Number of protein chains: 2
Amino acid sequence: MLIACMAAIGDVVVVAPDKPQSATGHAITINNTLYLNHISKEGDAIPEYSCSGTPVDCVKFAVNEILHRKPDLCVSGINHGSNSSINVIYSGTLSAAVEAGIEGIPAIGFSLRDYDWNADFSPTRSFVDTIARNVLENGLPPGVILNVNFPKLPESAIKGIRICRQAKAFWQEKFDKRTSPMGRDYYWLTGEFINLDKGEDTDEWALDNGYVSIVPVQFDLTAHHAIQELNTWKF
Amino acid sequence: MLIACMAAIGDVVVVAPDKPQSATGHAITINNTLYLNHISKEGDAIPEYSCSGTPVDCVKFAVNEILHRKPDLCVSGINHGSNSSINVIYSGTLSAAVEAGIEGIPAIGFSLRDYDWNADFSPTRSFVDTIARNVLENGLPPGVILNVNFPKLPESAIKGIRICRQAKAFWQEKFDKRTSPMGRDYYWLTGEFINLDKGEDTDEWALDNGYVSIVPVQFDLTAHHAIQELNTWKF
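Colleague: Please explain the relation of the copies chain A and chain B as it appears in this structure.
Modeller: Each copy of the chain is related to the other by a rotation around an axis and a translation along that axis. Laying chain A over chain B is done by rotating through 180° and shifting 0.0 Å along the axis; what remains is an RMSD of 0.0 Å. Both chain copies can therefore be described as sitting about a two-fold axis. When the interface residues of chain A are mapped onto chain B, 100% of them are again interface residues, pointing to one common binding face.

Colleague: Even after reading the chapter, I still don't get the confidence of the model for chain A, so can you show me in this structure?
Modeller: Any residue range with low pLDDT should be treated as having predicted coordinates unsuitable for detailed reading. For chain A, per-residue confidence averages 95 on the pLDDT scale, and residues scoring 70 or more make up 100% of the total. With pTM at 0.94, the complex prediction returns an ipTM value of 0.92.

Colleague: Would you take a moment to explain helix α5 (residues 125-138) of chain B for this structure?
Modeller: Each full turn of the α-helix corresponds to 3.6 residues, which orients residues three or four apart in the same direction. Residue and element names in this part refer to chain B. Helix length check: α5, at 14 residues, gives a terminal C-alpha distance of 20 Å against a target of 20 Å (1.5 Å per residue), a fit within 8%. Looking at the buried positions of α5, the neighbouring elements they touch are α1 (2-7), β4 (74-80), β5 (107-112), β6 (144-150), β7 (160-163) and β10 (211-218). Positive backbone phi, approximately 70°, marks Gly139, located one or two places after α5.

Colleague: I would appreciate a short explanation of the sheet that holds β6 of chain B in the present structure.
Modeller: Pairing between the strands of a sheet is mediated by backbone hydrogen bonds and can be parallel or antiparallel. Residue and element names in this part refer to chain B. The five strands are arranged β4-β5-β6-β10-β7 in an open sheet whose pairing can be described as mixed. Each edge of the open sheet carries a strand with a single partner, namely β4 and β7. The mean angle between the axes of side-by-side strands here comes to 20°, regardless of whether they run parallel or antiparallel. As judged from the six bridges shared by β6 and β10, these two strands associate in the antiparallel manner. Bridge pairing links Asn149 to Ser213 in β10. On top of the sheet, α5 reaches β4, β5, β6, β7 and β10; it is set at about 165° to β5, its chief contact.

Colleague: What's the story with the interface of chain A and chain B in this structure? I'm lost.
Modeller: The parts lose accessible area when they come together, and the size of an interface is often stated as this lost area. Opposite the 61 residues of chain A that make contact, chain B presents 61 residues. Taken together, the residues that form the side of chain A that touches chain B break down as 35 nonpolar, 18 polar and eight charged.

Colleague: I'm lost on unusual backbone geometry in this one. Help?
Modeller: The phi angle of most residues is negative, glycine excepted, and most peptide bonds adopt the trans form. Residue and element names in this part refer to chain A. The amide bond that connects Gly77 to the next residue, Ile78, takes the cis arrangement and shows omega of 0°. In this fold, Ile78 is placed in strand β4 (residues 74-80). Of note in this structure, Ala23 is not a glycine but carries a positive phi near 60°. Its place among the elements puts Ala23 in the loop between β1 (14-17) and β2 (36-38).

Colleague: Can you help me understand the packing of helix α2 (residues 55-67) of chain B against helix α4 (residues 92-102) of chain B in this one?
Modeller: The angle between the axes and the distance between the axes are what describe a pair of packed helices. Residue and element names in this part refer to chain B. It is the contact of α2 with α4, at a shortest axis distance of 7 Å, that shows an interaxial angle of 35°. At the point where α2 passes α4, the crossing takes the right-handed sense. Along the contact surface, α2 presents Pro55, Val56, Cys58, Val59 and Lys60, while α4 presents Gly92, Thr93, Ser95, Ala96, Glu99 and Ala100. In terms of residue class, the contact of α2 with α4 is made up of six nonpolar, three polar and two charged.

Colleague: In this structure, what is going on with the sheet that holds strand β3 (residues 48-51) of chain A? I would like to understand it.
Modeller: Residue and element names in this part refer to chain A. Taken in spatial order, the three strands line up as β1-β3-β2 in an open sheet, and their pairing is mixed. Each edge of the open sheet is held by one strand with a lone partner, namely β1 and β2. The mean angle between the axes of side-by-side strands here comes to 25°, regardless of whether they run parallel or antiparallel. Bridging between β2 and β3 involves three bridges; their strand directions are antiparallel. Paired with Asn37 across the strands is Ser50, a residue of β3. On top of the sheet, helix α2 (residues 55-67) reaches β1, β2 and β3; it is set at about 145° to β1, its chief contact.

What counts and how
Residues numbered from 1 in each chain as written. Chains lettered and ligands numbered in written order. Predicted model: local features only at pLDDT ≥ 70, side-chain atom pairs only at ≥ 80, totals over all residues. Least-squares fit on C-alpha atoms with pLDDT ≥ 70 in both. Contact = placed C-beta atoms within 7 Å. pLDDT = per-residue confidence, 0-100. Helix = DSSP H or I, 4+ residues; strand = E, 2+ residues; numbered from the N terminus. Expected span 1.5 Å × (residues − 1). Pairing = 2+ DSSP bridges. Axes fitted to C-alpha atoms, helices over the stretch in contact; angles between N-to-C directions. Nonpolar A, V, L, I, M, F, W, Y, C, P; charged D, E, K, R; others polar. Left-handed = near helix turned anticlockwise from the far one by under 90°.

This is how it looks when you write it as structure tokens:
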């Protein structure tokens with residue numbers, strides 16, 4: 001879907017991980033070898049590659065070993081499941097966009113708030129097109145990338161686009177403890193998403209109320225507002 | 001070193017990954033099973049556990065399956081190698097501290113700017129003690145954790161502690177392409193750290209000039225300053 005959408009705007013090169021990479025965050029591969037596979041065939045309209053690494057590795061490969069230049073735009077997704085709120089930190093999809101941003105490339109991460117394997121991505125199409133064209137036309141402020149999330153709604157029910165802040169929410173973990181056939185205890189990490197942030201300017205509110213959410217995301221993690229207070233500490 | 005230092009302040013429980021986790025970022029393990037191993041023996045002063053997952057998984061295990069409560073302080077490290085500037089995003093050490101912060105636990109990530117296997121961690125000791133005690137005494141502003149980096153210097157040469165912002169630096173990647181004995185191309189990800197930020201209020205400046213750097217780090221990634229500009233876009 002995202003590929004078709006981008007192909008209507010410009011020349012597209014696809015670089016994707018060769019296996020699922022859910023919740024890989026901003027991991028990169030430095031203690032292991034990496035493989036790059038050319039998937040598309042001679043004459044195919046869109047060059048496609050797969051990479052044995054993480055989503056962030058894919059961005060590095062694309063820029064340094066495939067394009068040998070910075071592209072005009074990097075899009076990542078569309079992720080199966082929301083990357084709103086604190087999920088931006090755990091998400092491989094968003095981390096790929098953040099990596100592009102670090103390298104000075106305008107970048108957008110797209111996610112659909114629907115975990116169903118049969119999720120319908122078609123309602124997102126016109127929004128993806130509009131947002132990508134806006135980024136190409138206006139550029140993005142330095143050090144900023146976009147985290148776009150779509151509600152699980154038919155296109156006609158989507159009310160529009162909202163520029164939001166990241167909701168202050170978190171995951172309440174629960175480890176599902178089981179015993180293997182060999183008698184060894186093991187765990188699955190599960191959890192419940194808890195949103196105590198009632199602000200109507202958050203991405204969670206926008207999605208709950210039928211809007212596409214766009215959060216501008218930065219990779220300067222400095223809590224500038226805390227510097228003054230820390231300077232009063234006695235070391 | 002960090003364990004001994006913390007044991008002088010309070011009761012310590014150690015939970016660490018069971019294998020190297022360099023550059024794992026904020027990855028968590030959701031598509032695989034996890035193992036938790038009790039390493040210490042009955043009667044040992046400090047309970048120690050290892051976990052088959054990432055540094056972030058370790059924090060989740062510690063809170064939910066070992067302590068069954070939030071500790072007063074979470075410390076992570078001391079990492080072998082700097083996590084200053086943009087490295088905060090790639091670092092497993094810092095991501096563990098960020099995870100604790102998300103869960104509302106005061107947290108500090110410590111790193112030493114020395115990649116040598118024989119690196120001397122002893123000059124950091126008094127600073128680790130001072131910083132940890134300050135955090136316990138003063139608390140941290142909500143949504144903030146500390147990224148502490150030590151210069152590679154003897155204790156007598158360290159000039160003091162500086163509260164800093166994250167330097168605007170990045171890695172210039174270079175893939176080292178090789179051929180396996182089976183004739184297949186593979187790559188090692190390498191790179192050069194490029195700091196074009198000349199600010200004297202940055203962590204890189206502090207470390208270059210003989211100071212311990214402390215950057216307050218937040219996990220609200222919203223680029224609040226960009227919201228107004230994005231609201232002028234025509235969707």
